[in-house]
Each structure stands twice: as structure tokens, then as C-alpha cells.
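Residues per chain are reported as follows:
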Amino acid sequence: MSQIDVPILREWLRAHNAEAFRSWLEQPRAWIVLLAAAGLLLAVVTQVVAAIGRRKLRLKHIVLSDETSSPKARALQYCYRPREVMLKGYKQFRDTVYGMDTRDGVKVVIPPSFLDNLKSHPHLSFKQSIDNSIMAFHRQRTNKYGETQDWTKVKVHDSILKITGTNNARVFQSTAASLDDEWITASTGYVISTFDCIRALKEWPPFLRPLIFRLIPQRAAIAEQWRIGRKRVKQTVSERQQKGGDLEDPPSVLDLLSDGKNAQYAADLETQLLYQMTLVAVGTVTTFSSIIQAIYDLVAYPVYIQEIRDELASVPRSSDGLFNKDSISAMKKLDSFIKESQRLSAPDLSTFQRGATADLTLPDGTFIPKGTKLEVNTASIHVDSIHYENPHQFDGLRFYRMRQRPGEENKHLYYSVGKNDLSFGYGRHACPGRYLGHLNIKLILAELLTRYDLKMVPGLSRAKSFDFEALCAPDENYEILIRDRRV
Ligand code: HEM
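From a predicted model like this one, the values you see are computed outputs, not experimental measurements.

## Comments concerning the UniProt feature "binding site: heme" (unreviewed entry) in the chain
And then number 1: Per the UniProt annotation, the sites labelled "binding site: heme" (unreviewed entry) are C431.
And then number 2: For C431, the position within the fold is in the loop between α19 (398–402) and α20 (434–451).
And then number 3: Those residues within four positions of C431 in sequence are excluded, and the remaining contacts are F424 and G425.

## Topic: the UniProt feature "transmembrane region" (unreviewed entry) in the chain
And then number 1: In the numbering used here, UniProt assigns the "transmembrane region" (unreviewed entry) feature to residues 30–52.
And then number 2: End C-alpha to end C-alpha, residues 30–52 measures 33 Å, and it is 100% helix and 0% strand.

## Digging into helix α12 (residues 218–243)
Since the α-helix advances by 3.6 residues per turn, residues separated by three or four positions end up pointing in the same direction.
And then number 1: With 26 residues, α12 extends 37 Å between its outermost C-alpha atoms, agreeing within 8% with the 38 Å of an ideal straight helix rising 1.5 Å per residue.
And then number 2: Where α12 is concerned, the buried positions are Q225, G229, R232, V233, T236, V237 and R240.
And then number 3: Packing partners of the buried residues in α12 comprise α9 (175–178), α10 (181–202), α13 (253–256) and α14 (269–300).
And then number 4: Looking one or two residues beyond α12, the residue adopting positive phi is G244, at roughly 80°.

## Some remarks on the sheet that holds strand β1 (residues 98–102)
And then number 1: Read from one edge of the open sheet, five strands run β1-β2-β8-β5-β3, paired in mixed fashion. Since the sheet does not close on itself, it has two edges, and those belong to β1 and β3 (124–125), each with one partner.
And then number 2: Judged from the three bridges that link them, strand β2 (residues 105–109) and strand β8 (residues 373–376) form a sheet pairing that is parallel. What sits directly across from V109, in β8, is E375.

## Some details on unusual backbone geometry
And then number 1: Residue P250 follows D249 across a cis peptide bond; omega there is 0°.
And then number 2: Relative to the helices and strands, P250 is located in the loop between α12 and α13.

## Looking at the site of the ligand
And then number 1: Taken together, 26 residues surround the ligand, and among them G283, G425, C431, G433 and G437 come closest.
And then number 2: Mapped onto the shell around the ligand, the elements with two or more residues apiece are α14, β5 (351–356) and α20.
And then number 3: The element best represented in the shell around the ligand is α14, accounting for six residues.
And then number 4: A class-by-class count of the residues in the shell around the ligand yields 12 nonpolar, 12 polar and two charged.

## Quick word on the pairing of strand β12 (residues 480–484)
And then number 1: Summarising the sheet, strand β4 (residues 152–154) and β12 pair through three bridges and their orientation is antiparallel. Within β12, the position partnered with T152 by the bridge is I482.
And then number 2: Sheet topology places strand β9 (residues 452–456) next to β12; five bridges connect them, and they run antiparallel. Residue pairing across strands places Y452 opposite D484, the latter belonging to β12.

## Some details on the nonpolar core
And then number 1: Residues I160, I291, I292, A294, I295 and L445 are the most contacted members of the largest nonpolar core, which totals 50 residues.
And then number 2: Breaking this core down by element, the ones donating at least two residues are α8 (157–172), α10, α13, α14, α15 (303–314), α17 (332–345), α20 and β12.
And then number 3: Considering every element that reaches this core, the biggest residue donor is α14, with 13 residues.
And then number 4: Judged by nonpolar contacts, the second largest core, of 29 residues, contains Y90, I110, V376 and L471.

## So, the packing of α14 against α17
And then number 1: Across the interface, α14 lies against α17 with an axial gap of 9 Å and an inter-helix angle of 105°. If you check the angle between α14 and α17, you find them roughly perpendicular. Where α14 approaches α17, its residues S290, Q293, A294 and D297 are matched on the opposing element by F337, I338, S341, Q342 and S345.
And then number 2: Grouping the constituent residues of the contact of α14 with α17 by class yields three nonpolar, five polar and one charged.

## Details of the domain arrangement of the chain
And then number 1: Per the domain assignment, the segments of the chain are domain 1 (1–38) and domain 2 (152–484).
And then number 2: For domain 1 versus domain 2, the distance between C-alpha centres works out to 67 Å.

## Quick word on the sheet that holds β9
And then number 1: Read from one edge of the open sheet, three strands run β4-β12-β9, paired in antiparallel fashion. Single-partner strands in this sheet number two, and they are β4 and β9. Pairwise comparison of adjacent strand axes, ignoring direction, gives a mean angle of 35° for this sheet.
And then number 2: Packing of α14 onto the sheet brings it into contact with β9 and β12, and relative to β9 it is tilted by some 75°.

## Quick look at the pairing of strand β10 (residues 465–468)
And then number 1: Of the strand pairs in this sheet, β10 and strand β11 (residues 471–474) are connected by four bridges, and their pairing is antiparallel. Its bridge partner lying in β11, F466 is registered against A473.
And then number 2: Here β10 folds back onto β11, and the loop between the two strands holds two residues, one of which, E469, carries a positive phi near 45°.

## Regarding the confidence of the model for the chain
And then number 1: For the chain, mean pLDDT is 90; residues scoring 70 or higher make up 93% of the total.
And then number 2: Scored as a whole, the predicted complex attains pTM 0.85, and scored at its interfaces, ipTM 0.98.

## Digging into the packing of α15 against α20
And then number 1: One can describe the packing of α15 onto α20 by two numbers: an axis separation of 10 Å at closest approach and a directional angle of 105°. By the criterion of interaxial angle, the relationship of α15 to α20 is roughly perpendicular. On α20, the residues that touch I305, I308, R309 and L312 of α15 are A446, L449 and T450.
And then number 2: Here the contact of α15 with α20 is composed, by residue class, of five nonpolar, one polar and one charged.

So, how was this worked out
Residues numbered from 1 in each chain as written. Predicted model: local features only at pLDDT ≥ 70, side-chain atom pairs only at ≥ 80, totals over all residues. UniProt positions renumbered as here; feature names shortened; annotations may be inferred. Helix = DSSP H or I, 4+ residues; strand = E, 2+ residues; numbered from the N terminus. Contact = placed C-beta atoms within 7 Å. Expected span 1.5 Å × (residues − 1). Buried ≥ 20, exposed ≤ 12 C-beta atoms within 10 Å, placed from the backbone. Pairing = 2+ DSSP bridges. Near = placed C-beta within 6 Å. Nonpolar A, V, L, I, M, F, W, Y, C, P; charged D, E, K, R; others polar. Core = buried A, V, L, I, M, F, W, Y, C linked by C-beta atoms within 7 Å. Axes fitted to C-alpha atoms, helices over the stretch in contact; angles between N-to-C directions. Parallel < 35°, antiparallel > 145°, perpendicular 65-115°, else oblique. Domains from an automatic or database assignment. pLDDT = per-residue confidence, 0-100.

Spelled out as C-alpha cells, the structure:
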């Protein structure tokens, strides 16, 4: 086609005597340019019409709006004083839906009474809600407490991270992986760099993050940790192939993700690597943070130390003297203690974090557009006197006593979930790793209490936590006094 003959255009050109344009139109590529322009115009018009027609999120209540009219200022307050802001929202709007300004836009906070209705909602996704909302404050990894007859000051933070990483490496991958120092350093380092990276990213507006991500320094550390991870997983996969079956008995998560309907992934290095790095990211930080918080509570409330030790001495053991499943279930006071510690210092201040994958309507009629983030105000629910007597007081045997009530023997366990007991979330995405987390926490604390005396450094008070948006991280620099009981 050498010339386009569009009657309207022809008339317009005649009327305006646009010679230059007419001659341009005679070129063959003019047809393509005009079509592309028309397509672009159509796309823009469609988007504008859709945006005008799209229903927006409209919330009656926004936390802090009575104090400041600036959403940015409100988001900043939530960022650095989340517990306080959340409690304020909870006190004002407890049983209703309300909004909270964050650096990622408005999050919708729903009351626990909606949980049963929403727990399996097809348009609410946990994955969709993950907006890098994790952070931690740690860097050094130096301490060992070894055999020490005298009271010695130690920072337990880094060593507990290493022990948790080692135990998890056995469960997630293999015995060899748990003995591989390079992998333990890389995987525990990954926990730290990922959160540092996320914290650095949060300083930027969401639309710039995909670009900034490439420039932040922690990215190099993460790349190196993935490189070491790839090397480790390659070794594990090939050891498994040589053996011709599961590497471990009981099988590791990698074994389970290589068998049955997962057999197709047995030799898929990148998939197995992704699984391992994800497990480390979700399973190691939460567990080690819970252990550290429990240790800080043990030294802050030493009255429970002997009581838990006595219980540990009385639980059944296997014939070789080791703890087994029955021992773990019999550690009821320890169970209660770690649950109380978690009630007040769980790694997540809000849970049931979900992203709407399509428009939906909440039970009270609130319209939730696709893409909106929802959550439950766990930290405030956990200090509500309606649910917990003297809620701000640490009561290590609170849940132990609750389990003494007839018919409640198997309730209020560390890993139980309920509408007022939300540290592990709720519904179909409630934490599947909580049984493993609880085993790790109990075994590590049992060993620590059996082997060491612990106490608070005189003059100090209970270690502070660092809250940042929905996350609560223990103080990495807090020191406690430790003495070997066996020397
Ligand atoms: C004390 C330790 C832990 C805490 C406090 C914890 C907390 C949580 C929370 C709050 C959620 C979101 C649940 C919801 O919103 O309904 C979650 C999900 C998850 N957790 Fe944990 N977790 C812990 C240990 C672990 C461990 C050890 C693993 C791995 C073995 C793990 C794997 C996961 C996974 C895979 C999900 C996502 C579940 C899904 O998408 O359906 N967690 N965890």
C-alpha cells in the first residue's frame, strides 16, 4: 500500500491545506505509525474509563487522623512506633474495620470477629501480602560461652542464631549441610542480610524499590549467600542421587520435596535452592528471635528458672537418656513460658496479613479493592484484658494454669491458634512450621537451662525489643550473665 485513503482525514487535510502532512501520509510507514497511535489512544482511554469506574477503598476510620492530617507523617509514626500506633487504633476502633497509613499505602485492619468468615476466602492471599515487611537489627557474630565457672557476660544473640541455623539445616536439608560451616555462616548471614536489605528498601517509595534494589550494598552479600547455597544444594542433590533415595531418616524437607508427586524436582537444582533459601528466610529468623526473647524473659523473671528446671528433670526420656516426643509434650511449664514470651514479644506485631487478589466485600459491607492489604492487630489483641488477665504483666505459668481447667488440657499450647491467640496467624495460611519451631525452642532452652545458670546483669532491666512496622526484633547487643553448672 503506497497511500492511505481515509475520507475524514482527506477532508480535513483539504480544508487545512496541509501539504506537508499529506505527503508524509503517502509514505508506506505512515500506516503503521497511525495504527500504533490509535492503539495507544485506545489503551489510555480504556485505562482512564476503568480507573473512573473502579470502586475505591473508602474507610471511615484511619488511625492517627485525629492527630495529623498528613498520611506521610502517620506512616512515619507507624514505622518507628508501631506498637503504640496499633494500640491507639485498637482502643478507638477495636470491633470495626479501620485503616493504618504505612509506607506501602493504607493497610486495612480487620477485627478478629471476621476471621472465620475470611479464613479461607479465595481472594485473600498470604503470598500477595508479603511486601518485604521484615527487618532485624544485628550484625556481629562473635560470642561463644563454652565452659565458664565464673559468671561471664555474653551476648546470646549470635550464638542462638547459629544453633538455630544448624538445627534447621538438618531438618531442611541434611546432616552434612548442618555440619557445613560455610553453609551455616551463609544461611544465618542470609537471614540478616535479607532483613537489612528490606529495611534499606523500605526507606524508598514502593515504585522506586525495583530499581533501588539493584543498588543497595546488602545485595552483594545476598548474591554470595545464594552462590554458597547453590553449591551446598548441588552437593546434597548429588549425594541423594548417588544414594538412590532419601538421605535422611527421618527424611529432611529436601527429601520430602524430592519424592512422590515432587519427584520431578529431585534434580531440579534451582527449585531446590529456592525452597531452601525460602525455608531459611521464614523458619530461622522467627525461631531464633523467639528463643532470644524467651532467654531475655528468663533472666528478667528468674523465678521461673528453677521451676522449669525441675520440670525438665521430671519429664520422661528415651532409653538412651535423650528427649523424645513424650518429653517434649511433658514440658508443660516451659510450653506456657515460651507462649507467654511470644504473647508479648512475637516476631510479628500483626498477623493474618493478606493481599486481596480480586475485589471483595468484608462482612460489614466494606468494599476492598484488588491489591489492598489486610491484617489483624495481634499485638493489641494480646494485651487486651478481655482476653488476658493483667495483660501487661509477664506471667510465665499463665497458659499452664489455663490448661489445668477441666476440658482445656489440650488447649492453650504453644502452637495453638485461635482468634485471640494469633502469633502463628489463622486459617489456611496459619504457620505450618510452628510444630518444628516449638521443638527447636524447647530443645535449645532445655539444653541451655540444664547446662548453664543464667541471670541478668545487675542494674539492667528486661531487654528492649526493636519494633519496625509490623516487626519486632530482639536487641542483638543485650548481655546476660552465664555460668557453667557442670564445672
Ligand atoms: C516461632 C517460630 C515461628 C513463628 C512465630 C512463625 C510465624 C508465622 C506467621 C505469623 C505466619 C503467617 C500466618 C498467617 O498469616 O495466617 C507464618 C507463615 C508461615 N510460616 Fe511460620 N513461624 C515460625 C516458624 C516457622 C518455621 C520453623 C517454618 C519452616 C519450617 C515456617 C514456615 C512458614 C511458612 C511456609 C508460612 C506460610 C504459610 C502459607 O503461606 O500458607 N514458620 N509463620
